[in-house]
Amino acid sequence: MIKPEILSPAGDMECLVSALNFGADAVFLAGKMFGMRSASKNFDNEQLKKACELAHSMGKKIHMTCNILPRNNEIPLLPEFLEYAQDCGVDALIIADVGIMELAKKYAPKVALHVSTQAGVTNYQTANVLYNMGASRVVLAREIPLAEIAEMRQKIPKELEIECFVHGAMCVSFSGRCLISSYMTGRDANHGDCAQPCRWKYHLFEENREGQFFPVEEENGETFLYNSRDLCMIEHIPEMIKAGISSFKIEGRAKSAYYTAVTTNAYRHAVDDYMAEGDNYILKPWIKEELEKISHREYNTGFYMGGEPGQQTSNGGYIRHYDQVAVCEECIDDNTAVITQRNKFFVGDTLDVLPPSGYSFNIKCLSLTNEYGEQVENAPHPMQRLTMKCDKAVPAGSVIRKKKD
């Protein structure tokens, strides 16, 4: 068995730092062009260089997405983009298009080539062809059962790595190749600009009753026909490792640093525990509970166990039990922390702390002092820096949250 990489998402520098601090082995991100998440802030040239320097200083890697399906007018822009990625120290390029793959071999020959899930790799024959073309890793289509992944592992070179998603949002279209957004809004999902119409509420119309609609209703009067459930494989770490998966990928480059911290921490601990305990491994309850502390749709195991995940048709939104209220910037002493506020909370509140290493614990907020040295009863201003007295030490880098009423 090979210990799999924990590969975490980063839509900006805050998310990158969060991923690295909470245990990612590698981080995947995008530049300002050619990535599949244009809604994220992403990384300009200077930020990309800083991201690589930071990751490498911690012994970790940067995987950069270049996974759109490009049009003719975009091809001339690729050589400079690829050369700069190599100059910055990017460790791997995630590519969906064989034309970009050939350009990458020419203009970024020192950078590893990972074939994106957008390429829809579903079998060992395709994986072997891509390996012969220069790929060092294939990111499999999300529709592949674990049994077929294990078979594929036996029929491809041992040097060819397999990367699979373990957590996050699922797309209703095969391997994310969706046309609904472009058709309905003019926003091209295959260029990273998906409007997510699969999450919208829909009705039926009858052709002879102009202006009247007929809802397809559940008991609460709502139906979200295309709304896929979220993937969560935290309870199946042993099966994923035994199938020969090299990298556990967490979806979420458009999500928050808080999401990145919690998911990275959970999968980091689960993998480390299994590699240490082997057949004696039992998933610790706190790890599973952590994944209930982020916003998510109803969880399931995707296609891994056979069949299809289906849709969460009764609810287009998220399940959310906790709010992040602060980040600890500095631990002054055993009961004093400098924090940056994220959501409103009050003196006297019981708060849940997730440190960069270890598991969560509760504290009580005893007092708050603002930047002017004034005692305040609550923290109402986003990104305000405060000094908090509490009953336990809060390590620097910890995320602080509060259970919703």
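Preceding block: the structure.
*Asks:* Explanation requested: helix H6 (residues 146-154) in the structure shown.
*Replies:* Three or four residues apart is the spacing at which side chains of an α-helix point the same way, because the helix has 3.6 residues per turn. Of the positions making up H6, those classed as buried are Leu-146, Ile-149, Met-152 and Arg-153. For H6, the angular spread of buried residues about the axis comes to 115°, placing them on one side. Of the exposed residues in H6, those oriented more than 90 degrees away from the buried face are Ala-147 and Gln-154. Taken together, the buried residues of H6 touch helix H5 (124-132), strand E7 (161-168) and helix H8 (237-242).

*Asks:* What is the right way to read the pairing of strand E5 (residues 112-115) from this model?
*Replies:* Consecutive side chains along a regular strand alternate between the two faces of the sheet. Relative to E5, strand E4 (residues 92-95) runs parallel, the two sharing four bridges. Residue pairing for E5: Leu-93 is matched across the bridge by Leu-113. At this point the chain moves from E4, through helix H4 (residues 98-107), to the parallel E5, and the crossover so formed is right-handed. The parallel pair E5 and strand E6 (residues 137-139) is bridged by H5, and the resulting crossover is right-handed.

*Asks:* Just checking my understanding: could you explain the side chain of Gln-341 for this structure?
*Replies:* Its place among the elements puts Gln-341 in strand E14 (residues 336-341). Here the side chain of Gln-341 touches Ala-379 through a polar contact of 2.7 Å, landing on its backbone oxygen. When neighbours within four sequence positions are excluded, Gln-341 is seen to be in contact with Val-325, Ala-326, Ala-379, Pro-380, His-381, Pro-382, Met-383, Gln-384 and Leu-386.

*Asks:* Sorry, what's going on with the environment of Lys-110 here?
*Replies:* Looking at where Lys-110 falls in the secondary structure, it is placed in the loop between H4 and E5. Overall, the relative accessible area of 75% leaves Lys-110 in the exposed class. Through-space distance from the C-alpha of Lys-110 to that of Ala-92 is 9.0 Å; in sequence the pair is 18 residues apart.

*Asks:* What is the right way to read the packing of aromatic side chains from this model?
*Replies:* The description of two aromatic rings rests on the distance between their centres and on the angle between their planes. With the rule as written, the count across this model stands at three aromatic pairs. Look at Tyr-274 and Tyr-281: their rings are 5.4 Å apart centre to centre, the planes differ by 85°, and that puts the pair in the edge-to-face class. Note on accessibility: Tyr-274 and Tyr-281 belong to one class, buried. Judged by centre distance (5.6 Å) and plane angle (50°), the ring pair of Trp-286 and Tyr-359 falls under tilted. Note that Trp-286 is positioned in helix H10 (residues 285-290) and Tyr-359 in the loop between strand E16 (350-354) and strand E17 (361-369), a separation of 73 residues in sequence.

*Asks:* Even after reading the chapter, I still don't get unusual backbone geometry, so can you show me in this structure?
*Replies:* In terms of backbone geometry, most residues other than glycine have negative phi values and most peptide bonds are trans. A positive phi is found at Asn-42, a non-glycine position, where the angle reads about 60°. Here Asn-42 lies in the loop between strand E2 (26-30) and helix H2 (45-57). On the accessibility criterion, Asn-42 (8% relative accessible area) is buried. Unusually for a residue other than glycine, Met-383 sits at a positive phi of about 70°. The exposed category is assigned to Met-383, whose relative accessible area is 52%.

*Asks:* Explain the pattern of salt bridges here, please?
*Replies:* Opposite charge on two side chains permits them to pair, given that their charged atoms come into close proximity. Counted by the stated rule, this structure contains 24 salt bridges. Taking the shortest distance from any N to any O, the salt bridge between Asp-230 and Arg-297 comes out at 3.6 Å. Here Asp-230, found in strand E10 (residues 230-232), pairs with Arg-297, found in the loop between H10 and strand E12 (299-300); they are 67 residues apart in sequence, far enough to count as distant. We note that Asp-230, like Arg-297, is buried. A salt bridge links Arg-268 to Asp-272, with the shortest nitrogen-to-oxygen separation between them at 3.1 Å.

*Asks:* Would you take a moment to explain the packing of helix H3 (residues 78-88) against H4 for this structure?
*Replies:* Helix-helix packing is characterised by the crossing angle of the two axes and by the distance between the axes. Interaxial distance between H3 and H4 falls to 9 Å at its minimum, and their mutual angle equals 55°. With respect to H4, the axis of H3 lies oblique. Here H3 runs over H4; the crossing is right-handed. Between H3 and H4, the residues in contact are Leu-78, Pro-79, Leu-82, Glu-83 and Gln-86 and Ile-100, Leu-103, Ala-104 and Tyr-107, respectively. Partitioning the contact of H3 with H4 into residue classes produces seven nonpolar, one polar and one charged.

*Asks:* What exactly am I supposed to notice about the state of the cysteines here?
*Replies:* A disulfide bridge is the covalent bond that connects two cysteines by way of their sulfur atoms. Evaluated as defined, the whole model comprises zero disulfides. Cys-331 takes part in no disulfide bond, and the closest cysteine sulfur, belonging to Cys-328, lies 6.1 Å away. You can call Cys-331 partly exposed: its relative accessible area is 32%. Lacking any disulfide linkage, Cys-390 is separated from the closest cysteine sulfur, that of Cys-365, by 7.5 Å.

Conventions adopted
Residues numbered from 1 in each chain as written. Predicted model: local features only at pLDDT ≥ 70, side-chain atom pairs only at ≥ 80, totals over all residues. Heavy atoms only, no water. Buried < 20%, exposed > 50% of the residue type's maximum accessible area, 1.4 Å probe, protein only. Helix = DSSP H or I, 4+ residues; strand = E, 2+ residues; numbered from the N terminus. Arc of directions from axis to C-beta. Contact = heavy atoms within 4.5 Å. Pairing = 2+ DSSP bridges. Right-handed = clockwise from strand over helix to strand, strands pointing away. Polar contact = N/O pair within 3.5 Å; in protein donor to acceptor, adjacent residues only side chain to side chain. Phe/Tyr/Trp six-rings, centres within 6.5 Å; stacked < 30°, edge-to-face > 60°. Salt bridge = Lys/Arg side-chain N within 4 Å of Asp/Glu carboxyl O. Axes fitted to C-alpha atoms, helices over the stretch in contact; angles between N-to-C directions. Parallel < 35°, antiparallel > 145°, perpendicular 65-115°, else oblique. Left-handed = near helix turned anticlockwise from the far one by under 90°. Nonpolar A, V, L, I, M, F, W, Y, C, P; charged D, E, K, R; others polar. Disulfide = S-S within 2.5 Å.

Nothing here speaks to function; it is geometry throughout.
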